[in-house]
Amino acid sequence: MQVQDNVFANIPVESTFVGYEQLETDTTVSYIIKDREVVQEANIGDEVYLVLKETPFYAESGGQIADKGTIRTESGLAAVNQVSKSPKGLHIQHATVKEGKLTVDQQAHAEVDKELRKYVTRNHTATHLLHQALKDVLGTHVNQAGSLVEAQRLRFDFSHFSPIKAEELKQIERIVNDKIWDDLKVTITHKSLQEAKAMGAMALFGEKYGDIVRVVKIGDYSLELCGGCHVNTTSEIGLFKIVSESGTGAGTRRIEAVTSKGAYELFSQKLAVLEEVQQVLKTNEDAVVSRIQSLFEELRAVEKENESLNSKMAHAQAENVLNDTVIIGDIHVLAKQVQVKDMNQLRSMIDDLKQQLSSSVILLAAVSGSKVQLAAGVSKDLVQEGLHAGKLIKQAAAICGGGGGGRPDMAQAGGKNPEKISDALAYAKQYVTEFMQKGGNCDVSNFKQDIGLRITQN
């Protein structure tokens, strides 16, 4: 992260980063900027940018978050909240004055939050192990496409063409942990860019490197160009656990993971859930899976029985509503409100009724909560004559404040006004009557005017 403002571009002082080797140092406050203006002092409550002659604070870059910490002088204390780089590479500390005041040229003691840095470095070194493990398992085409290294977690984006299989993720995770437990030494050297490339060090595509680069070597396993902070040996990482794998765009995948304390906390949470499941199931840990499988089998049996009962109830209800059938010409018309569980059952009832009524037009309605469900059916012979379930239900649904459609023989719809169901059902008879009046060639558009007032009012 770079600070781009011109006020930072023209800072005339120099600042040396000593944070690779030192997490605290005695230094001098060289520059103070407040509200985009250079000032000589900062008082309690002020939000300021500070430049130190020597700074132990890592500036956010390469995916690694910035350090936090404190800057203390004989007259005040400032909390460092963020660190960025100016266009010329100076480390700019964004700080809040918590006590007293800070002045330019004042001697100061700068101290990094050691706990935060400790967990960040563990996650950063883990990304290097992960990078190489991905290449080992998925192929040498894998290259880093971005990362985020925080204290609580790490995120690693990389080039790959498809989702990673579960067994591949397990293999990647196992390799990283094996390298952690092998207690590999992490060595950091400075080489010319040509030397580093000759060694086989991985470089990030599109990254700009100077003539001298920082090479991070983890045992004989990983070799990368990196300006970030790392552990001394991989055993400091403790444990590595992948949390998720997902896609972020064409040809790019993302892995999120935790290490060390974060991994312990994740496992503790999962064990707590397992213990709760054990208590609910009233079984021991080893029997949880078999107990769940047994419950699923029981549930499937109950669902199958319920489906059978619902089907029988729907069939019985279909028998009862047959008494409400009217005949217009030689067409059986049945329009009725029924009680069903869902749209599937409503359609099933339509099918059942069509088998029992020859030359039929059927419109059924049901209330589900505050919504209306509608289903319509037209027998095959009447479909050939020109009647259309989709056109019928479109207008019926409009009366109920909804919409829908479907095939000539079967259609479904929904509405918002249950109180209009009677009007919607009455429309079925009107639809068939219009069909008969027009000599068996019915087109809804020809008589919309007849029902226009009713639809408008709804």
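Residues numbered from 1 in each chain as written. Predicted model: local features only at pLDDT ≥ 70, side-chain atom pairs only at ≥ 80, totals over all residues. Heavy atoms only, no water.

What follows concerns helix α2 (residues 114-138). What sets the pattern is the α-helix's 3.6 residues per turn: residues three or four places apart point alike. Taking 1.5 Å as the rise per residue, α2 with 25 residues should run 36 Å; its terminal C-alpha atoms sit 36 Å apart, in good agreement. Among the 25 residues in α2, 21 count as buried, and that is most of the element. Its side-chain oxygen placed 3.2 Å from the backbone nitrogen of Glu-115, Asp-113 serves as the N-cap of α2. (Helix = DSSP H or I, 4+ residues; strand = E, 2+ residues; numbered from the N terminus. Expected span 1.5 Å × (residues − 1). Buried < 20%, exposed > 50% of the residue type's maximum accessible area, 1.4 Å probe, protein only. Polar contact = N/O pair within 3.5 Å; in protein donor to acceptor, adjacent residues only side chain to side chain.)

Our next topic: helix α5 (residues 260-281). End to end, α5 covers 32 Å across 22 residues, agreeing with the expected 32 Å (1.5 Å per residue, within 8%). Directly after α5, the chain includes Lys-282, whose backbone phi takes a positive value near 55°.

Pairs may arise between side chains of opposite charge once their charged atoms sit close together. Applying the stated criterion to the full structure yields 16 salt bridges. Of the charged contacts, one joins Lys-114 and Glu-24 as a salt bridge, the two residues approaching to 3.1 Å between their closest N and O atoms. Here Lys-114, found in helix α2, pairs with Glu-24, found in strand β2 (residues 24-34); they are 90 residues apart in sequence, far enough to count as distant. The shortest N-O distance in the salt bridge between Glu-256 and Arg-153 comes to 2.8 Å. Here Glu-256, found in strand β17 (residues 252-259), pairs with Arg-153, found in the loop between β11 (144-149) and β12 (154-159); they are 103 residues apart in sequence, far enough to count as distant. What you see here is one network of salt bridges that share partners, running through Glu-24, Glu-111 and Lys-114. (Salt bridge = Lys/Arg side-chain N within 4 Å of Asp/Glu carboxyl O.)

A cluster of nonpolar side chains, namely Ile-292, Phe-296 and Leu-299, defines an oily patch on the protein surface of about 260 Å² accessible area. The class of Leu-299 is partly exposed, set by a relative accessible area of 41%. (Patch = residues over 30% accessible without salt bridge, like charges linked within 9 Å, V, L, I, M, F, W, Y side chains within 5 Å. Areas by Shrake-Rupley, 256 points an atom, 1.4 Å probe, with all protein chains shown as cover.)

Applying the stated rule across the entire model yields five aromatic pairs. For the ring pair Phe-17 and Tyr-58, a centre distance of 6.2 Å and an interplane angle of 65° mean the geometry is edge-to-face. Pair noted here: Phe-17 is in strand β1 (residues 16-17) and Tyr-58 is in the loop between β6 (54-55) and β7 (69-72), with a separation of 41 residues, a long-range link. The class for Tyr-58 is buried, based on a relative accessible area of 4%. Ring centres of Phe-156 and Phe-158 lie 6.3 Å apart, and the angle between their planes is 25°; on these two criteria the pair is classed as stacked. In this pair, the class of Phe-156 matches that of Phe-158, namely buried. Every member of this aromatic cluster is reached through a ring pair, and the members are Phe-17, Tyr-20 and Tyr-58. Above the face of the Tyr-20 ring, Arg-214 is positioned so that its terminal group lies 3.6 Å from the ring centre. (Phe/Tyr/Trp six-rings, centres within 6.5 Å; stacked < 30°, edge-to-face > 60°. Lys NZ or Arg CZ within 6 Å of the ring centre and 35° of its normal.)

A few words on the side chain of Thr-27. With respect to the helices and strands, the residue Thr-27 is situated in strand β2. According to the relative accessible area criterion, Thr-27 is buried, its value standing at 2%. Engagement of the side chain of Thr-27 in a polar contact is seen with the backbone oxygen of Glu-54, the distance being 2.8 Å. Ignoring sequence-local partners within four residues, the contact set of Thr-27 consists of Leu-52, Lys-53, Glu-54, Gln-106, Gln-107, Ala-108 and Ala-110. (Contact = heavy atoms within 4.5 Å.)

What follows is about the packing of α2 against helix α3 (residues 166-181). Two quantities define a packed helix pair, namely the angle between the helix axes and the distance between the axes. Packing of α2 against α3 leaves a shortest axis separation of 9 Å and a crossing angle of 135°. If you check the angle between α2 and α3, you find them oblique. The hand of the α2/α3 crossing is right-handed. Residues Leu-129, Leu-130, Ala-133, Leu-134, Asp-136, Val-137 and Leu-138 of α2 pack against Glu-168, Gln-171, Ile-172, Ile-175, Val-176, Lys-179 and Ile-180 of α3. Grouping the amino acids of the contact of α2 with α3 by side-chain chemistry returns ten nonpolar, one polar and three charged. (Axes fitted to C-alpha atoms, helices over the stretch in contact; angles between N-to-C directions. Parallel < 35°, antiparallel > 145°, perpendicular 65-115°, else oblique. Left-handed = near helix turned anticlockwise from the far one by under 90°. Nonpolar A, V, L, I, M, F, W, Y, C, P; charged D, E, K, R; others polar.)

Time to look at the confidence of the model for the protein chain. Averaged over every residue, the pLDDT of the protein chain is 89; residues scoring 70 or more account for 92%. Within the model, the stretch residues 441-458 combines pLDDT values under 50 with 32 contacts to residues more than four positions away or in other chains. (pLDDT = per-residue confidence, 0-100.)

Here we come to the sheet that holds strand β18 (residues 326-328). Within the open sheet, the six strands sit side by side as β18-β19-β20-β21-β23-β22. Their pairing is mixed. If you trace the sheet from one side to the other, it starts and ends with β18 and β22 (403-406), each paired once. Adjacent strand axes in the sheet meet at a mean angle of 15° when their direction is disregarded. One ladder, built from six bridges, connects strand β19 (residues 331-337) with strand β20 (residues 360-368); its direction is parallel. Residue pairing in the sheet places Leu-334 in a bridge with Ile-362 of β20. Strand contacts of helix α9 (residues 389-399): β20, β21 (371-378), β22 and β23 (410-415), with the helix running at about 155° to β21, the strand carrying the most contacts. Along the sheet, helix α10 (residues 421-437) contacts β18, β19, β20 and β21; its crossing angle with β19, the most-contacted strand, is approximately 170°. (Pairing = 2+ DSSP bridges.)

On to unusual backbone geometry, then. In this structure, Asp-105 is a non-glycine residue whose phi angle is positive, near 70°. Tracing the sequence through the fold places Asp-105 in the loop between β9 (91-103) and β10 (107-112). Positive phi, close to 55°, is recorded for Lys-282, a residue that is not glycine. Locating Lys-282 in the fold gives a position in the loop between α5 and α6 (288-321). Of the residues examined, Lys-282 reaches a relative accessible area of 74% and is grouped as exposed.

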